[in-house]
Amino acid sequence: MVIVWIGYCLLISGLLALAAFATERALGHFRKPVRWGWFAAVVGSVALPFAAFLAPGLLPGLGASPWGPLVELSEAVVVASAPAAAGAADPAAWFDAGALSALAAGVWVLLVVGMLFHLGRAYRRLRLEMRTWTPGRVLGSPVLIADGRGPAVVGIRRPVVVMPKWIPELDDRLLRLVFLHEREHQRAGDHRLFAVAVAALVLMPWNLFLWWQLSRLRLAIEFDCDRRVLERGESPRDYADALITVGGRVSAPLLAAAAFAERKPAVEQRLRRMTEPLARLRIPRTLGATGVAALAIILVLGVPQPEAQMDAPAPAADADQSLEIEASPLYPPDERVSPADRPTFVAYDTPPMLQNTGEIQQILERAYPRNLRDAGIGGRVELWIYVDLTGAVANHEIKTTSGNEALDRAASEVAQQMRFRPASNRGEPTAVWVSQWVTFHVI
């Protein structure tokens, strides 16, 4: 379901944001580049969920093993409703998980389209505005002069430095630092880095963690550029004066641009980063931050991937399709017995997944003995099911009886009609045994 995948994406993004923040703290204590940690978090927040969806089992987690125990599928349930009183409302009638999932998917698509439309309009306005800019020179280098834009770097393939028309009013020492900052952005390709991050955001515009990562990436890009300029031997006092002077007159940020000064809060953070002394306990603090980042990465790798496909039909309320690992198999491996003859250990890295959920619910209702249904007699049966290479049920047996032979036979009849996406091991289909509960009850 789409909602399950949205939750998975948010969890991955949140953990990667924590890892990037801790990485920034660790590297910041030693005046090292911090933008790459945030860039990796942005890209990973999009790439990892898409990789998990397009290639299940590619990222099995740290706890995965090529020799796994039997898996247990959550139970399939049939509910026979007693005749409702006239005018009585079904409590679940107003709630449809499939409809909710479809609504979430529709909102997702609309947000993506909206983001593309917004960025397209912004890019078109920028192109039209660039026609009004005039060529000029600052400190002997070519730039574009704009009425109310800049200082910034504009463009992806052929980036140019744009300066506001009031830039000549600055003192020569400040003008030199402003221009040096923009040239450093241009040389390092920061504008391309930010453009890739914006493209990643377009795919998940609803992801609040991703928005925060993008804002931190933009700030980290400026942190690193400030550091590179000061490492050239420039005066921190003069550089701070330039930031304050330009920050008071800077225009709105340009699309996919690296700008010298932005809004006041960002300028204040950059000033603090430039002037703060190195921490006396920077090694213990760095080790602590590194530990937090490593823990977050371990949790990212260990997060179980959703098994249900986004376009799969929504299961009934009691037929959750999540997969869990059972503690131990019924029988140990035996080389003298075929794996299809009885439940045993099977090598796999991706468990099977029930595909015909809706059909199974109908079969369950038909298989429920009418005399037991009318009498209000129910039961729960646990079956061993052998899913072959094609996903069909090639063998099955009763694991836990319901105590009623008619219900046991009905559950066996249902099991034979189940169809699965077969399990796989290293990308190859694998026949496995699974434990499946089937429940009959009347409400």
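Scroll up for the structure.
Anyway, here's the lowdown on the structure attached to this text. Being a predicted model, the structure only gives us computed values, none of them experimental.

### Let's talk about the overall build of the protein
Argument step 1. Secondary structure summary: the protein contains 12 helices and 16 strands in total.
Argument step 2. Looking at the protein residue by residue over its 443 residues, the buried ones come to 44%.
Argument step 3. Within the protein, residue pairs in contact and separated by at least 24 positions form 77% of the contacts whose partners lie at least 6 positions apart.
Argument step 4. For the protein, the exposed area adds up to about 22900 Å²; of that, 60% sits on carbon and sulfur atoms.

### Overview of helix α6 (residues 208-230)
Argument step 1. With 23 residues, α6 extends 33 Å from end C-alpha to end C-alpha; this agrees with the ideal 33 Å at 1.5 Å per step.
Argument step 2. In terms of burial, α6 is largely enclosed, as 18 of its 23 residues are buried.
Argument step 3. The backbone nitrogen of F209 has a side-chain oxygen 3.1 Å away, supplied by the residue at the start of α6, namely N207.

### Structural notes on the nonpolar core
Argument step 1. Counting residues in each nonpolar core, the largest one holds 39 residues, and the members touching the most others are W108, M204 and L217.
Argument step 2. Examining the composition of this core, we find that 9 residues originate from one element, helix α1 (residues 2-28), more than from any other.
Argument step 3. Ignoring anything within four residues of it in the chain, the contact list for M204 reads C9, S45, V46, P49, F50, W108 and L210.
Argument step 4. If you look at the next biggest cluster of nonpolar residues, it comprises 26 residues, including V346, A367, V387 and A411.

### Quick look at the pattern of salt bridges
Argument step 1. According to the stated counting rule, one finds 18 salt bridges in the structure shown.
Argument step 2. Of the charged contacts in the structure, one is a salt bridge between R232 and E184, with a shortest N-O distance of 3.0 Å. Highlighted residues: R232 in the loop between α6 and α7 (236-247) and E184 in helix α4 (residues 172-188), separated in sequence by 48 residues.
Argument step 3. One salt bridge connects E382 with K399, and the closest N-O pair in it is separated by 3.0 Å. Of the two residues, E382 is situated in strand β11 (residues 379-387) and K399 in strand β12 (residues 393-400); the sequence distance between them amounts to 17 residues.
Argument step 4. Salt bridges sharing partners connect three or more residues here, namely R35, E184, R187, D190, D224, R228 and R232.

### Some words on a positive patch on the surface
Argument step 1. A grouping of R121, R124, R125, R127, R131, R157 and R158 is seen on the molecular surface, where their side chains present a positively charged patch.
Argument step 2. Inspection of the secondary structure puts R157 in the loop between β5 (152-154) and β6 (160-164).

### Considerations on the packing of aromatic side chains
Argument step 1. Going through the model one piece at a time under the given rule, you end up with 7 aromatic pairs.
Argument step 2. When the ring of W5 is compared with that of Y8, the centres are 5.6 Å apart and the planes differ by 80 degrees; the resulting orientation is edge-to-face. Placement of the pair is W5 and Y8 together in helix α1, with a separation of 3 residues, close to one helical turn. Take W5 and Y8: they sit in the same class, and that class is buried.
Argument step 3. Arranged with centres 6.1 Å apart and planes meeting at 90 degrees, the rings of W36 and F39 form a pair that is edge-to-face. Of the two residues, W36 and F39 both sit in helix α2 (residues 35-54), 3 residues apart, roughly one turn of that helix.
Argument step 4. Under the relative-accessibility criterion, W36 is labelled partly exposed at 46%.
Argument step 5. A connected cluster of aromatic rings, assembled from ring pairs, spans F21, W38 and W212.
Argument step 6. For R218, the ring lying beneath its charged end belongs to F194, and the centroid distance is 4.7 Å.
Argument step 7. Here the guanidinium or amino end of R273 rests over the ring plane of F223, the centre of that ring lying 4.1 Å away.

### Quick word on the packing of α4 against α7
Argument step 1. Orientation of α4 relative to α7, taken along the N-to-C sense of each, is 85 degrees, at an axis distance of 9 Å. When the interaxial angle is binned, α4 and α7 end up roughly perpendicular. For the pair α4 and α7, contact is made by R173, L174, L177, V178 and H181 and by D238, Y239, D241, A242, T245 and V246, respectively.
Argument step 2. Classifying every residue of the contact of α4 with α7 by side-chain character gives 6 nonpolar, 2 polar and 3 charged.

### What about unusual backbone geometry?
Argument step 1. Positive phi outside glycine occurs at L139, with the angle close to 55 degrees.
Argument step 2. When you line up the elements, L139 lands in the loop between β3 (134-138) and β4 (141-146).
Argument step 3. Looking at L139, the relative accessible area reads 53%, which means it is exposed.
Argument step 4. One non-glycine residue, R426, adopts positive backbone phi at about 60 degrees.
Argument step 5. Relative to the helices and strands, R426 is located in the loop between β14 (423-425) and β15 (428-430).
Argument step 6. Classification of R426 as exposed rests on a relative accessible area of 71%.

Analysis parameters
- Residues numbered from 1 in each chain as written.
- Predicted model: local features only at pLDDT ≥ 70, side-chain atom pairs only at ≥ 80, totals over all residues.
- Heavy atoms only, no water.
- Helix = DSSP H or I, 4+ residues; strand = E, 2+ residues; numbered from the N terminus.
- Buried < 20%, exposed > 50% of the residue type's maximum accessible area, 1.4 Å probe, protein only.
- Contact = heavy atoms within 4.5 Å.
- Areas by Shrake-Rupley, 256 points an atom, 1.4 Å probe, with all protein chains shown as cover.
- Expected span 1.5 Å × (residues − 1).
- Polar contact = N/O pair within 3.5 Å; in protein donor to acceptor, adjacent residues only side chain to side chain.
- Core = buried A, V, L, I, M, F, W, Y, C linked by side-chain atoms within 4.5 Å.
- Salt bridge = Lys/Arg side-chain N within 4 Å of Asp/Glu carboxyl O.
- Patch = residues over 30% accessible without salt bridge, like charges linked within 9 Å, V, L, I, M, F, W, Y side chains within 5 Å.
- Lys, Arg positive; Asp, Glu negative; His and termini not counted.
- Charge placed at Lys NZ, Arg CZ, Asp CG, Glu CD.
- Phe/Tyr/Trp six-rings, centres within 6.5 Å; stacked < 30°, edge-to-face > 60°.
- Lys NZ or Arg CZ within 6 Å of the ring centre and 35° of its normal.
- Axes fitted to C-alpha atoms, helices over the stretch in contact; angles between N-to-C directions.
- Parallel < 35°, antiparallel > 145°, perpendicular 65-115°, else oblique.
- Nonpolar A, V, L, I, M, F, W, Y, C, P; charged D, E, K, R; others polar.

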